[in-house]
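# Examining the three-dimensional arrangement
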Amino acid sequence: MLLLVPHLFPSQRLLDVATANLRLPALQTLLARGTRRREPAEGTLAAVCKALGIARQQDWPLAPLALESEGEAAGDDYWLRADPVHLRVMRDRIVLLAGDEIGLAQDEADVLAGAVAAHFGAELSPRPLRPHRWYVRLAHPPALATTGLAAAIGREVDLLLPEGRDAMRFRAYLNEVQMLLHEHPVNLRREARGELAVNSLWLWGGGTRPAPVAGPVPALRANAAEARAAGSFCGAQLRPVPERFDKALLEGQDLIVLDALERPGQYGDAQGWREALGRLETNWFAPLLRALRVTPARRVQVRDPVSGHGLDLRASGLWQVWRRSGPLASLLAE
C-alpha cells in the first residue's frame, strides 16, 4: 500500500507554529521507527502518474488525460491546461490563488475565456469545460516545461513560471493575458462584490495522450479530478477514499491519496494544518500502527510528494523500541 500525504512534512515556518505543544503518539512512533526515504519533490499528481506507470513527457501529461475524463477526445493533439487564477501581490512576492478561493461561475468563465480566445486566436484559445478547468489545444508541441497548479498554489510564482526554449513566448502571452483581464467587465463586477478577480492563467500539464500502460496497476483512492482521470486512463479501479484506516487495506496494493493537509499546507494555514493532522492521527496513523504490529509481512509506504520526504513501515521496525520518538517538530523537520 502506498499512502501519499501531501504536506505531511511542511515548510519550517508552518511547522514551528503548527506543532507547538502538539503530541501525536502514533505518528511520532511511525516517524521514529520507519525507514526514511527521499524522492524528487514533484507534487502529488506526478507521484500518482509514476505509481500508475504513466510516462513523463516534458510535463506530466495531465491535460489530455483530464480532457478525456471530461468526455472530450484528446486525439493526437497537444493539450495544455490554462486554468484561471488570481495573482496576489504581497509586500515582497506574488502568490497564486486558484480553485475554490476564486469561486468562478461557469458563465463568467465562458466570457473570460472567450475574451482571451478573441485576442489570441489559435495561438491561445482556452476551452472552459469547467469553471476552474480550462484547456488549450496547440497545433505544434512547444518546448515547454511547467509547474503543476497544485504545486504552485500559495507559492511565489516568479520561481515557477514555464521554462524551456518556448518559455519566453508563453510568458509574453501571460503578460498580455494579465493586461487583457485587468479591467475586464467580469472582473470589475467581481471586485465590486468583494470577490477575487481572475487576473491571469496558469499553464501546466501539457502533453499528448500517452501510450496505454502495460501491466497491472494499483487501485486508486483519490479525490482530485486529475488524479482520478489518470487512474481511469490506466484502467485502475477507482475507489472512494475511506474516512479512516481499516486493516483490510493491508491486503491490497492500493494507491491512496490523503489530501487533508494539502489546502492548509498550500496556504500556510497553521491552525488548519494542525487540526487536519490531528484527525489523520485518530483516523489513520493510530489504527495503522496497531495493524502493522500484528501483520508482520506487510509493508506500507508513506510519501509526501510535495517535500519529497517519506518513510517505509514494517512491523519489524516498529518493535525497535530503542529508536525513541522525539518532539513532532524535530521528526517532521528531518
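Here the residue numbering is sequential within each chain, running from 1 through the sequence in written order. With pLDDT at 70 or above as the cut-off, local features in this predicted model cover only qualifying residues; side-chain atom pairs require 80 or more to be listed or tallied, and sums for whole chains, interfaces and linings still use all residues. Excluded from the side-chain calculation are hydrogens and water; included are all heavy atoms of the structure.

You'll find the protein chain entered in an unreviewed UniProt entry as Regulatory protein, with Thiobacillus denitrificans given as the organism.

## Re the overall build of the protein chain
Test applied: We count a stretch as a helix when DSSP gives it H or I for four or more residues in a row; a strand needs E for two or more, and each element gets its number in order from the N terminus. Our radius of gyration looks at C-alpha atoms and nothing else; its globule reference is 2.2 Å times the residue count to the power 0.38. Relative accessibility under 20% of the residue-type maximum defines a buried residue, over 50% an exposed one, and the middle range a partly exposed one, all with a 1.4 Å probe and only protein chains included.
Helix and strand counts for the protein chain come out as 13 helices and twelve strands. Against the 2.2 N^0.38 benchmark of 20 Å for 334 residues, the protein chain shows a C-alpha radius of gyration of 21 Å, consistent with a compact globule. Considering only C-alpha atoms, the protein chain reaches an extent of 65 × 45 × 35 Å along its principal axes. For the protein chain, the proportion of its 334 residues judged to be buried stands at 51%.

## So, the nonpolar core
Test applied: Buried Ala, Val, Leu, Ile, Met, Phe, Trp, Tyr and Cys residues that are joined via side-chain atoms within 4.5 Å together make up what is termed a nonpolar core.
In terms of nonpolar packing, the biggest core is built from 40 residues, with M1, L3, L8, L277, L288 and V300 touching the most fellow members. Secondary structure elements with two or more residues in this core: α1 (12–18), α2 (25–33), α11 (270–293), β11 (299–303), β12 (309–314) and α13 (328–333). Among the elements that make up this core, the one with the highest residue count is α11 (twelve residues). Listed in part, the 32 residues of the second largest apolar core include L45, I54, A98 and F233.

## Some points on the pairing of strand β5 (residues 127–130)
Walk down a regular strand and you will see the side chains alternate between the two sheet faces. Worth spelling out the cut-off: Between any two strands, at least two bridges found by DSSP are needed for them to pair.
Judged from the three bridges that link them, β5 and strand β6 (residues 133–138) form a sheet pairing that is antiparallel. The residue bridging P128 from the neighbouring strand is W134, located in β6. From the end of β5 to the start of β6, which pair antiparallel, there are two residues.

## Focus on the packing of aromatic side chains
What counts here: What counts as a ring pair is set by centres within 6.5 Å for rings of Phe, Tyr and Trp (its six-membered ring), and what kind of pair is set by the plane angle: stacked under 30 degrees, edge-to-face over 60, tilted for all other angles.
Using the criterion set out here, one finds three aromatic pairs in the structure. On the numbers, 5.5 Å between centres and 70° between planes, the contact of F120 with Y173 is edge-to-face. Here F120, found in helix α5 (residues 106–120), pairs with Y173, found in helix α7 (residues 167–182); they are 53 residues apart in sequence, far enough to count as distant. By relative accessible area, which is 8% here, Y173 ends up buried.

## Remarks on the sheet that holds strand β8 (residues 220–221)
Pairing is mixed across the open sheet formed by seven strands, whose spatial order is β2-β12-β11-β1-β10-β8-β9. Looking at which strands have only one partner, the edges of the open sheet turn out to be β2 (35–38) and β9 (238–239). Here strand β1 (residues 2–4) runs beside β11; their pairing, made up of three bridges, is parallel. Residue pairing across strands places L3 opposite V302, the latter belonging to β11.

## Description of the pattern of salt bridges
A side chain with one charge may pair with a side chain of the opposite charge, provided their charged atoms come close. Convention followed: Salt bridges, as used here, are contacts in which a Lys or Arg side-chain nitrogen is within 4 Å of a carboxyl oxygen on Asp or Glu.
The full count for this structure, using the stated rule, is 21 salt bridges. In this structure, E70 engages R130 in a salt bridge whose closest nitrogen and oxygen atoms are separated by 3.5 Å. Pair noted here: E70 is in the loop between α4 (62–69) and β3 (78–89) and R130 is in strand β5, with a separation of 60 residues, a long-range link. A relative accessible area of 16% places E70 in the buried class.

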